[in-house]
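This is what each chain is made of:
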Amino acid sequence: MNIVFVFKRNMAIALVHDCLPTILLYMLFFFGSIADGQVVYSVSEEANPGTTVGNLAKDLKLNLQDLHNRGFQLVSGTNKRYFDLNTKTGILHIKDRIDRDELCGRSLTCCLPLEAIVNVPLNVYRFEVNIIDINDNTPTFRSPVKYFNISESAFPGERFPLPNAFDADVGSNSVKSYKLSANEHFSLDVQSGGEQSVSAELVLQKALDREKQPVIQLTVTAVDGGKPPRSGTINLIVNIEDVNDNIPVFSKPLLKARVVENAPLGTSVIQVHASDPDEGLNGEIAYSLVSQDSDNNVDAFSIDSETGLITVKGTVDYEKGAAVEIRVQAKDKGLKPRAAYCKVLVEIMDINDNRPEISVTSLVNTVKEDAANGTVVSMITVLDNDAGKNGEIQLKVRDSLPFKVQNSYKNYYTLVVNGPLDRERFTRTQTFPNKEKTAGRKL
Ligand SMILES: *[C@@H]1O[C@H](CO)[C@@H](O)[C@H](O)[C@H]1NC(C)=O
Ligand SMILES: *[C@@H]1O[C@H](CO)[C@@H](O)[C@H](O)[C@H]1NC(C)=O
């Protein structure tokens with residue numbers, strides 16, 4: 001359906017004031033020959049060919065009878081091709097497709113000046129056809145996607161301008177508003193700077209966190225004011241840029257490990273692990289040992305800065321301490337690095353590297369044949385520098401002799417008579433208080 005509006009004479013001129021300059025020009029050119037009043041028609045763009053624009057003969061108050069003979073016709077010109085004048089009926093029709101948006105662009109009004117002519121006497125009639133915009137164009141963005149890089153440290157309130165959508169239609173059919181897809185972080189501020197310019201900005205509402213959501217996808221819809229409205233969309237891809245806002249975290253704050261003393265260089269002790277959710281160097285971790293001057297054994301260990309593997313690099317000596325507390329630092333490689341610490345308690349396991357030393361501190365050279373059970377013959381001290389089981393001592397009297405060893409206190413022992421002594425059977429007894437594996441002493 002096409003709507004044709006007809007406005008006549010002075011009223012029409014007043015309505016379509018943009019047409020005035022051309023009207024004046026023609027008035028000067030054809031002074032005296034322009035008929036009284038001005039005819040202005042209105043027709044929608046894209047109206048079908050054949051659509052009636054108006055009864056030109058009637059509106060120009062021309063007599064239908066002699067129109068044909070007088071050569072009633074449209075005067076050649078750029079706009080003539082769009083119209084057809086029926087010389088029998090005097091009616092003006094659409095002949096060709098009229099695209100207002102191509103003809104008049106952003107101009108709010110679109111008036112096509114036309115002339116009709118009759119001979120005998122020669123008369124030129126000026127009239128105009130006002131092309132009415134219809135909402136035949138959809139708002140479109142130049143590019144379907146726009147990328148943003150926004151730092152995760154951006155403050156709420158920061159603004160990011162959006163590209164404008166273009167709509168070839170004018171007035172109320174042009175872009176009137178923008179809408180933003182539902183999301184947690186951004187809102188849209190739409191600014192209307194008059195009839196033709198509506199623009200929008202993204203406004204950050206809630207602080208970003210790259211570690212939670214590294215990319216946010218949004219859709220902005222541009223809507224025109226047509227009835228019904230048309231709309232076009234653009235996808236916004238917001239890449240959240242990392243800042244070093246996370247401290248490395250150790251998987252365990254306290255670890256326990258064991259290593260035997262004198263372990264060979266390079267022996268693995270334990271591997272520590274810390275993680276940092278930041279991106280790139282902000283999340284890359286270097287491990288190191290925090291030196292503590294008080295504990296020498298710390299120097300016997302080293303850590304691989306990349307893997308966190310602690311190994312032996314020196315002499316681990318149990319006798320210096322049964323356990324070592326190593327403090328490990330995990331530091332990220334950001335411009336402003338952040339660090340965390342953990343403790344590794346390394347228990348040093350003694351190995352049986354010391355022979356028991358037996359010393360006889362008191363010796364009775366002779367024992368009476370009738371010495372009673374329990375008579376002390378000698379006192380023995382045994383020393384073993386090893387710890388734990390390796391330092392535990394067992395003293396035994398070899399063979400079956402009438403003596404036994406008694407533990408008196410810690411590593412002090414006594415050799416006592418245990419059974420009848422028969423001088424005639426043992427002239428000089430030979431006993432060997434004996435530690436099982438290593439040492440013996442002849443008494
Ligand atoms: C976003 O950052 C990346 C990487 O630094 C860069 O290649 C790209 O051009 C940036 N994009 C915009 C829209 O600034
Ligand atoms: C001395 O000890 C031995 C071995 O235990 C025992 O056979 C003996 O009867 C004891 N003698 C005395 C007098 O108690």
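Description of the structure in this document. Keep in mind that what you see is a predicted model, and the values were worked out from it rather than measured.

Notes on the overall build of the protein chain
Alright, step 1. Tallying secondary structure elements over the protein chain gives four helices and 28 strands in all.
Alright, step 2. Counting the 443 residues in the protein chain, one finds 39% classified as buried.
Alright, step 3. Looking at the protein chain alone, contacts between residues at least 24 apart form 66% of all its contacts between residues at least 6 apart.
Alright, step 4. Counting every atom, the protein chain has about 24800 Å² of accessible surface; 51% of that belongs to carbon and sulfur.

A look at the state of the cysteines
Alright, step 1. Here the structure, examined in full by the defined rule, presents one disulfide.
Alright, step 2. Each disulfide pairs two cysteine sulfurs, and for Cys-104 the partner residue is Cys-110, the sulfurs being separated by 1.9 Å. The sign of the S-S torsion, about 60°, decides the handedness of the disulfide formed by Cys-104 and Cys-110: right-handed. Across the pair, exposure class does not vary: Cys-104 and Cys-110 are buried alike.

A closer look at the environment of Val-259
Alright, step 1. Relative to the elements of secondary structure, Val-259 occurs in strand β17 (residues 254-260).
Alright, step 2. For Val-259 and Asp-350, which are 91 residues apart along the polypeptide, the C-alpha to C-alpha distance reads 9.0 Å.
Alright, step 3. Contact partners of Val-259, with chain neighbours within four places excluded, come to Val-269, Phe-301, Val-312, Val-316, Val-346, Glu-347, Ile-348 and Met-349.

Looking at the nonpolar core
Alright, step 1. One finds Phe-72, Phe-83, Leu-92, Phe-127 and Val-129 to be the most contacted residues of the largest nonpolar core, which totals 28 residues.
Alright, step 2. Those elements that provide at least two residues to this core are β2 (39-44), α3 (56-59), β5 (83-85), β6 (91-94), β7 (111-118) and β8 (123-132).
Alright, step 3. Setting aside residues up to four positions removed in sequence, Phe-127 forms contacts with Gln-38, Val-39, Tyr-41, Leu-56, Leu-74, Leu-92, Leu-112, Pro-113, Leu-114, Glu-115 and Ala-116.
Alright, step 4. With 27 residues, the next largest nonpolar core counts Ile-310, Val-316, Ala-340 and Ile-348 among its residues.

Things to note about the site of ligand 2
Alright, step 1. Taken together, Asn-373, Asn-418 and Gly-419 form the complete shell of residues around ligand 2.
Alright, step 2. Asn-373 is positioned with one of its side-chain polar atoms (N or O) 2.5 Å from an oxygen atom of ligand 2.
Alright, step 3. Look at ligand 2: alone it shows 360 Å² of surface, and the protein chains cover 27% of it.

Overview of the packing of aromatic side chains
Alright, step 1. Evaluation of the coordinates by the stated rule reveals six aromatic pairs.
Alright, step 2. Pairing Tyr-41 with Phe-127 gives two aromatic rings, centres 6.1 Å apart and planes at 75°, and the pair type is edge-to-face. Taken together, the positions of Tyr-41 in strand β2 and Phe-127 in strand β8 put the pair 86 residues apart, joining distant regions of the chain.
Alright, step 3. A residue is classified by how much of its surface remains accessible, and Tyr-41, at 0% relative accessible area, is buried.
Alright, step 4. Consider the rings of Tyr-82 and Phe-83, whose centres lie 6.4 Å apart with planes at 75°: the pair is edge-to-face.
Alright, step 5. Its end group placed over the ring of Phe-148, Lys-146 keeps NZ or CZ at 5.2 Å from the ring centre.

Notes on the sheet that holds strand β18 (residues 268-271)
Alright, step 1. Ordered by their spatial adjacency, three strands build an open sheet running β18-β22-β21, and the pairing between neighbours is antiparallel. Both outer strands of the open sheet, β18 and β21 (301-303), are each paired with one neighbouring strand and no more. Sheet twist, expressed as the mean angle between neighbouring strand axes with direction ignored, is 20°.
Alright, step 2. In terms of strand pairing, β18 meets strand β22 (residues 309-312) through three bridges, oriented antiparallel. The partner of Ser-268 across the bridge, within β22, is Thr-311.

Observations regarding the pairing of strand β27 (residues 403-409)
Alright, step 1. Pairing geometry for β27 and strand β28 (residues 412-417), over six bridges, is antiparallel. Note that in β28 the partner of Val-405 across the bridge is Leu-415.
Alright, step 2. Here β27 folds back onto β28, and the loop between the two strands holds two residues, one of which, Lys-410, carries a positive phi near 50°.

Rules used throughout
- Residues numbered from 1 in each chain as written.
- Chains lettered and ligands numbered in written order.
- Predicted model: local features only at pLDDT ≥ 70, side-chain atom pairs only at ≥ 80, totals over all residues.
- Heavy atoms only, no water.
- Helix = DSSP H or I, 4+ residues; strand = E, 2+ residues; numbered from the N terminus.
- Buried < 20%, exposed > 50% of the residue type's maximum accessible area, 1.4 Å probe, protein only.
- Contact = heavy atoms within 4.5 Å.
- Areas by Shrake-Rupley, 256 points an atom, 1.4 Å probe, with all protein chains shown as cover.
- Disulfide = S-S within 2.5 Å.
- Core = buried A, V, L, I, M, F, W, Y, C linked by side-chain atoms within 4.5 Å.
- Near = heavy atom within 4 Å.
- Polar contact = N/O pair within 3.5 Å; in protein donor to acceptor, adjacent residues only side chain to side chain.
- Phe/Tyr/Trp six-rings, centres within 6.5 Å; stacked < 30°, edge-to-face > 60°.
- Lys NZ or Arg CZ within 6 Å of the ring centre and 35° of its normal.
- Pairing = 2+ DSSP bridges.
- Axes fitted to C-alpha atoms, helices over the stretch in contact; angles between N-to-C directions.

Purely geometric numbers; function is a separate question.
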